[in-house]
Amino acid sequence: MKKRSFLLLTYLLGITLLPLAAQSLPEWQSQYAVGLNKLAPHSYVWPYQNEQDVLKGEHERSPYFQSLNGTWKFHWVKNPDNRPKDFYQPDFYTGGWADIQVPGNWERQGYGLPIYVNETYEFDDKLFNFKKNPPLVPYEENEVGSYRRTFTVPENWEGRRVVLCLEGVISFYYVWVNGELLGYNMGSKTPSEWDITDHLKKGENSLAVEVYRWSAGSYLECQDFWRLSGIERDVYLYSTPKAHIADYTVTASLEKENYRDGIFGLDVQVEGIQADEKPVLSYELLDQQNKEVFSGKVEGNFSGATANYRLADQALPKVNAWSAENPYLYQLVMKLETASGDQHLTGRAIGFRTSEIKNGQFCINGKPILVKGTNRHEHSQQGRTVSKELMLKDVLLMKQNNINTVRNSHYPTHPYWYELCNKYGLYMIDEANIESHGMGYGPASLAKDSTWLTAHLDRTRRMFERSKNHPAIVIWSLGNEAGNGINFERTYDWLKAHDSSRPVQYERAEENYNTDIYCRMYRSVEDIKAYVSRDDIYRPFILCEYVHAMGNSVGGLKDYWDVFESEPMAQGGCVWDWVDQSFREIDENGKWFWSYGGDYGPENVPSFGSFCCNGLVNAAREPHPHLYEVKKVYQNIKSQLVDPKNLTISVKNWFDFTNLNAYTLHWKVTGDNGQLIASGKEVVDAEPQETVTISLGKVNLPKQIAEAYLDLSWTPNVKPIWSDSIPEVAYDQFVITANPKAKSAASPSTAQVAIQIDEQTGALKSYTINGEEMLASPVVLSLYRPITENDNRDWNSARQWKAAGLNSLQQKAVSVKTNAKGGTAVVELVNGKNQKVGDVTFVYSLDKAGKLNMETKLTPVDTLVKTYARVGLTFEMADQFNRVNYLGRGDHETQADRKQSGRIGIYQTTAERMFHYYVVPQATGNRTDTRWMKLTDKAGNGLSFDSSKPFQFSVRPYTDEVIEQAKHINELYKTGTVTIHLDAEQTGVGTATCGPGVLPQYQVPATDYRFQFSVRPLVKK
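Keep in mind the model is a prediction, meaning the values are calculated, not measured. (Residues numbered from 1 in each chain as written. Predicted model: local features only at pLDDT ≥ 70, side-chain atom pairs only at ≥ 80, totals over all residues. Heavy atoms only, no water.)

Describe the overall build of the protein chain, and please don't skip the residues or the numbers.
The number of helices and strands found in the protein chain is 14 helices and 58 strands. Computed over C-alpha atoms, the radius of gyration of the protein chain comes to 32 Å, within 12% of the 31 Å expected from 2.2 N^0.38 for 1021 residues, which places it in the range of a compact globule. In terms of its C-alpha atoms, the protein chain occupies a principal-axis envelope of roughly 110 × 65 × 55 Å. When the 1021 residues of the protein chain are sorted by exposure, 61% land in the buried category. For the protein chain, the computed accessible surface area is about 39600 Å², with 48% contributed by carbon and sulfur atoms. Of the side chains in the protein chain, 109 bear a positive and 123 a negative charge, and the two mean positions are spaced by 5 Å. (Helix = DSSP H or I, 4+ residues; strand = E, 2+ residues; numbered from the N terminus. Rg over C-alpha atoms; globule rule 2.2 N^0.38 Å. Buried < 20%, exposed > 50% of the residue type's maximum accessible area, 1.4 Å probe, protein only. Areas by Shrake-Rupley, 256 points an atom, 1.4 Å probe, with all protein chains shown as cover. Lys, Arg positive; Asp, Glu negative; His and termini not counted. Charge placed at Lys NZ, Arg CZ, Asp CG, Glu CD.)

So what's going on with helix 8 (residues 525–532)? Residues and values would help.
Those residues of helix 8 that fall on the buried side of the exposure criterion are Val525, Ile528, Tyr531 and Val532. All buried residues of helix 8 project into a common sector of 125 degrees when viewed along the axis, lining one side. Summarising the contacts, the buried residues of helix 8 are in contact with strand 31 (541–546), helix 9 (557–564) and strand 32 (570–575). (Arc of directions from axis to C-beta. Contact = heavy atoms within 4.5 Å.)

Give a detailed account of the pattern of salt bridges, specifying residues and quantitative values.
Tallied over the entire structure, the rule returns 50 salt bridges. Ionic pairing is found between Lys256 and Glu356, a salt bridge with its closest N-O pair at 3.3 Å. Of this pair, Lys256 sits in the loop between strand 15 (244–254) and strand 16 (262–271) while Glu356 sits in strand 23 (residues 355–358), placing them 100 residues apart in sequence. A relative accessible area of 48% places Lys256 in the partly exposed class. Between Arg508 and Glu507 there is a salt bridge, and its shortest N-O distance comes to 3.5 Å. For the pair shown, Arg508 and Glu507 are each scored as buried. Among the ionic contacts, a cluster of salt bridges with common partners joins Glu507, Arg508, Glu510 and Arg520. (Salt bridge = Lys/Arg side-chain N within 4 Å of Asp/Glu carboxyl O.)

Tell me about the environment of Asn408, residues and numbers included.
Mapped onto the elements, Asn408 comes out in strand 27 (residues 405–408). In the structure, Asn408 is positioned 90 residues away from Lys318 in sequence and 32 Å away in space, judged by C-alpha atoms. When near neighbours in sequence (up to four residues on either side) are disregarded, Asn408 contacts Arg376, Thr413, Trp417, Tyr418, Met428, Ile429, Asp430 and Glu431. One polar contact links Asn408 to Asp430, side chain to side chain, over a distance of 2.9 Å. (Polar contact = N/O pair within 3.5 Å; in protein donor to acceptor, adjacent residues only side chain to side chain.)

Can you tell me about the sheet that holds strand 44 (residues 772–773), naming the residues and giving the values?
Strand order in the open sheet formed by three strands is 42-43-44, and the pairing between neighbours is antiparallel. Two strands close off the open sheet at either side, each with one partner strand: strand 42 (753–757) and strand 44. In terms of strand pairing, strand 42 meets strand 43 (residues 764–769) through five bridges, oriented antiparallel. Bridge pairing links Ile757 to Leu764 in strand 43. (Pairing = 2+ DSSP bridges.)

Account for the packing of helix 6 (residues 453–467) against helix 7 (residues 486–498), with residues named and values stated.
Between helix 6 and helix 7, the shortest axis-to-axis distance is 9 Å and the interhelical angle comes to 30 degrees. If you check the angle between helix 6 and helix 7, you find them roughly parallel. In the crossing of helix 6 with helix 7, the sense of the turn from one axis to the other is right-handed. Contacts between helix 6 and helix 7 involve Leu453, His456, Leu457, Thr460, Arg461, Met463, Phe464 and Glu465 on the former and, on the latter, Asn487, Phe488, Arg490, Thr491, Trp494, Leu495 and His498. Here the contact of helix 6 with helix 7 is built from residues that sort into seven nonpolar, five polar and three charged. (Axes fitted to C-alpha atoms, helices over the stretch in contact; angles between N-to-C directions. Parallel < 35°, antiparallel > 145°, perpendicular 65-115°, else oblique. Left-handed = near helix turned anticlockwise from the far one by under 90°. Nonpolar A, V, L, I, M, F, W, Y, C, P; charged D, E, K, R; others polar.)

Give a detailed account of the sheet that holds strand 17 (residues 280–286), specifying residues and quantitative values.
In space, the four strands of this open sheet follow the order 18-17-21-22, with antiparallel pairing throughout. A single partner strand is all that each edge strand has here, and the edge strands are strand 18 (292–298) and strand 22 (343–350). Strand-to-strand, the axes of this sheet are offset by a mean angle of 15 degrees, without reference to chain direction. Here strand 17 pairs with strand 18 via six bridges, running antiparallel.

Any details on the pairing of strand 5 (residues 144–152)? Residues and values, ideally.
Most of strand 5 is tucked away, with seven of its nine residues classed as buried. Pairing analysis gives five bridges linking strand 2 (residues 70–77) to strand 5, with the strands arranged antiparallel. Residue pairing across strands places Trp76 opposite Gly145, the latter belonging to strand 5. Looking at chain direction, strand 5 and strand 11 (residues 204–212) are connected through nine bridges and run antiparallel. In the sheet register, Ser146 faces strand 11, and the bridge partner there is Glu210.

I'd love a proper account of the pairing of strand 46 (residues 810–819), names of residues and values included.
A regular strand carries its side chains on alternate faces of the sheet. Bridging between strand 46 and strand 47 (residues 822–830) involves nine bridges; their strand directions are antiparallel. When the bridges of strand 47 are listed, Val816 appears paired with Ala825. Following strand 46, the chain reverses through two residues before pairing antiparallel with strand 47.

Report on unusual backbone geometry, specifying residues and quantitative values.
A cis amide bond links Ser409 to the next residue, His410, at an omega of -10 degrees. Structurally, His410 can be placed in the loop between strand 27 and helix 5 (415–424). In this model, Gly890 is joined to Asp891 through a cis peptide bond whose omega is -5 degrees. One non-glycine residue, Asp276, lies in the positive phi region at around 65 degrees. You can see Asp276 is positioned in the loop between strand 16 and strand 17. For Asp276, a relative accessible area of 83% puts it in the exposed group.

How would you summarise the state of the cysteines if you had to cite specific residues and measurements?
In total, this model carries zero disulfides according to the counting rule given. No disulfide involves Cys165; its sulfur sits 20 Å from that of Cys421, the nearest cysteine. On the accessibility criterion, Cys165 (0% relative accessible area) is buried. Here Cys363 is not cross-linked by a disulfide; its sulfur's nearest cysteine counterpart is in Cys519, at 17 Å. (Disulfide = S-S within 2.5 Å.)

Any details on the UniProt feature "domain: Beta galactosidase small chain/" (unreviewed entry) in the protein chain? Residues and values, ideally.
As recorded in UniProt, the feature "domain: Beta galactosidase small chain/" (unreviewed entry) lies at residues 747–1016. End-to-end, the C-alpha atoms of residues 747–1016 are 11 Å apart, and along that stretch the chain is 8% helix and 47% strand. (UniProt positions renumbered as here; feature names shortened; annotations may be inferred.)

Summarise the packing of aromatic side chains; cite the residues concerned and give the values.
Inspection of the entire model under this criterion finds 63 aromatic pairs. Chaining the aromatic ring pairs together yields one cluster made of Trp28, Phe87, Tyr88, Phe92, Trp97, Tyr139, Phe172, Tyr174, Trp176, Tyr184 and Tyr212. Stacked on the ring of Tyr64, the Lys or Arg Arg160 has its end atom at 3.8 Å from the ring centre. Across from the ring centre of Tyr731, 5.3 Å away, lies the NZ or CZ of Lys632, which sits over that ring. (Phe/Tyr/Trp six-rings, centres within 6.5 Å; stacked < 30°, edge-to-face > 60°. Lys NZ or Arg CZ within 6 Å of the ring centre and 35° of its normal.)

Which residues make up the environment of His75, and what are the values?
When you line up the elements, His75 lands in strand 2. As a C-alpha pair, His75 and Ser639 span 564 residues in sequence and 62 Å in three-dimensional space. Those residues in contact with His75, other than ones at most four positions away along the chain, are Asn82, Pro84, Trp97, Val144, Gly145 and Ser146.

Give me the lowdown on the side chain of Asn926, citing residues and values where you can.
Positionally, Asn926 belongs in the loop between helix 13 (911–914) and strand 54 (927–936). Among the residues examined, Asn926 registers a relative accessible area of 3% and is labelled buried. Of the polar contacts made by the side chain of Asn926, one reaches the side chain of Gln986; its length is 3.1 Å. The contact partners of Asn926, leaving out residues within four places of it in the chain, are His892, Glu893, Thr894, Gln895, Gln952, Phe953, Ser954, Asp983 and Gln986.

I'd love a proper account of the packing of helix 9 against helix 10 (residues 625–634), names of residues and values included.
Where helix 9 contacts helix 10, the axes come no closer than 10 Å and their chain directions differ by 20 degrees. Relative to helix 10, helix 9 is oriented roughly parallel. Where helix 9 crosses over helix 10, the handedness of that crossing is right-handed. Of the residues in helix 10, those in contact with Leu557, Lys558 and Trp561 of helix 9 are Glu629, Val630, Val633 and Tyr634. Looking at the contact of helix 9 with helix 10 residue by residue, the classes come out as five nonpolar, no polar and two charged.

Mind laying out helix 7, listing which residues take part and the relevant values?
Under the 1.5 Å per step criterion, the end-to-end length of helix 7 is 18 Å for 13 residues, consistent within 8% with the ideal 18 Å. All of the buried residues along helix 7 are Asn487, Phe488, Thr491, Tyr492, Trp494 and Leu495. Take helix 7 and look down its axis: the buried residues cluster within an arc of 160 degrees, on one side only. Taken together, the buried residues of helix 7 touch helix 6, strand 29 (473–477) and strand 30 (504–505). (Expected span 1.5 Å × (residues − 1).)

Given below as structure tokens:
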């Protein structure tokens, strides 16, 4: 009570001290106007008809629930003064109004301007004639959407209490029923409720909602997402008896000696009690077989129309603990019954688990875990309205890719998301809807302005009270990128006072007291090592964001995990981000593309470009290549080859709660010719975190192969609920040397091959087979690639490469000597400014079978540039040669710093399939550790390539110039050729769009290089 009095006093003092001019402003211009007449925030108390309905958890099917989603009448204006001010009157005629779908942002339905910015306030711009001045936002440019619909209350709700709930409306709104003002709300990511019982009439009722695009609350909603408006989550009614469960808190923990026995308790608030009534509260706890585990009645402590029912903590022996690996849920059913027989039946699924910082480590159920996480914004083609089907798809994809943690960035999400994470097993970091990034972290930060304390606390409390009973939530987050100060100190204090069962984190607190986890973002591997090497630390390091997945990205993930798996207080992190925040659009020519910031509205619209597109999956939930790397590195079973002769392997069980015998090991040995040599399967017993050694037995390798590949694949013995089939959850591969002197099985060609060397450039300009030209462009040295978005932000990459003119290289022959068997060309490499980049020598050797050996020696001018994008050869061929067959890592894109997920094997694909459509076109399609590659037409005619050591290559249906110039997918066009790159080396991709660039070991330094490629004719007989 003292804390509540303090908050109220602070609030009233703030109102009193406001200047008179400010007090005359509308509520949406005040940071204090967090709500009017709303019900206190609480856990969901949806009413059900019977116990079976509670167990199903389908509250929408309850006869006491009515959805108001669907088609509403809608009116939109750019200026609040032009809004229909009396539209909420029941007799107001809306016949001339348009229809709009609720939920759904109005910008995705043809109204207003969708704006994407990251760190700034979109209204702090010349376009809106406004400079940020909290709490004020633009007036004349502030869009207003007026929503109207009618509803009829079911007859069986007569005499009951009726509640209106709006789950999420951005940014500020007023709401009326039958012309009577219910109140207003500010804070768009948590539900707001009003008791509308006394406002209803029999028959048709009218509901009106007036939504403002911007409000004072917008200063706390400066997240890295599309700035959209309107009713974006569900609207509904529900009905309870007058005496009803208003809120409840469940204790579902474990004793902390052995973490085996459960601790169960209840704290239930009841309101609406009539005079002399003493409703009875009973409860029942059931397991997954619907068998009763515990039940009883709770005595109430009555005070007027309210009562508190408290069940002291009870010990339940040997419960099934909840974890991401085994998300075991019990069902809690509660029934409040009056003497007259009125019943409020509600409940939810609960899980017994602990979450704590123990000995400097983040622990679940007493065990330190590794956070294999991702961040997730809500995003769909409707804006931030995400269907249940799409939410389920997100959860299933995360589970299928070994993700165990999701951070709700940067706000509480739709309530169904929490139920899915409870059910399927995802640890959750739930984050308050607070980000004032546009005010910076210094003196102007709203974190330091106590007049904003009311708003900070309101958002924190609403997050906590709504979701406190979810087992999936293992960490609370105070917000994101809003600086640190008194307001976050008080919200931390409030959460710790109300919930001792979960850690609280806040990134901007850094090492100040108001965070239990050191959760910095985008720190480098070296930064993590430096932190954990200190003697004075007592908090684990868990990156709230890392490996920024923008475009061709997530390089260096394994390097992070080498540290996480070796340093006890470095416990993982959450990838940024899960899904590209892009929209599929169609241009005037009928070509589709993914849109991003700046694609809507005038040229001067505020924008942070494609920075919203940094997902592991695209907006259609199709994986980007880097998702495969995340799955591989995050896997919970990892092996090492100890003895190649006897196939002895060391296996580490990285699961925290699961014995390895729940999985089956499938192994096979395959030759480099694709033939299976041996195979088998094993069930291995290993306790969580245990390492065991097993021998698969000696395998005799054929003499005709140079190497073989031992593949290990792990599958669960029982199909998990998150998959339609038995999935592969982990794999490893090891190369075993067989006969290094084994020769290629390729048949000698009888084709007539002729070559020509360009006397001006020294390049191979012609390679004919039986008189047919195979080259569409000369074979030239390549040191550049179509720039990735990471390259553009990496100080060692695009800036230097372009400054050195690597994107405009020309070969000028110094001398060219040819003979019947080939020739030698000495070349000076210059850029577009005619600056010398290096000296190159090409040696061409053609044998009688048509095999052309090309040896290249590069001596750079070492003062011009420090690194190269690549060192290799490039050329074009006619686009009928688009069939690709290769022995190397596949069958997806891999990079020097992102190739753990690629398994060496023989793959068949096409140039089109190798091209991955990132939102912004960029270098793509690369394959690493390649032994050979064949490029043919449909008939099998073409060329074969190999090298004296593994190489990288790509075959793309677009030229490098087309890719480089295109800013959207629809700007790509074909020229009748495919572009081939054969690389001795190529730099990795890193994560420099936000975080470390390419690590030194994955860079291509500007030094001397000597490499060789061979070309053979392929002629189908």
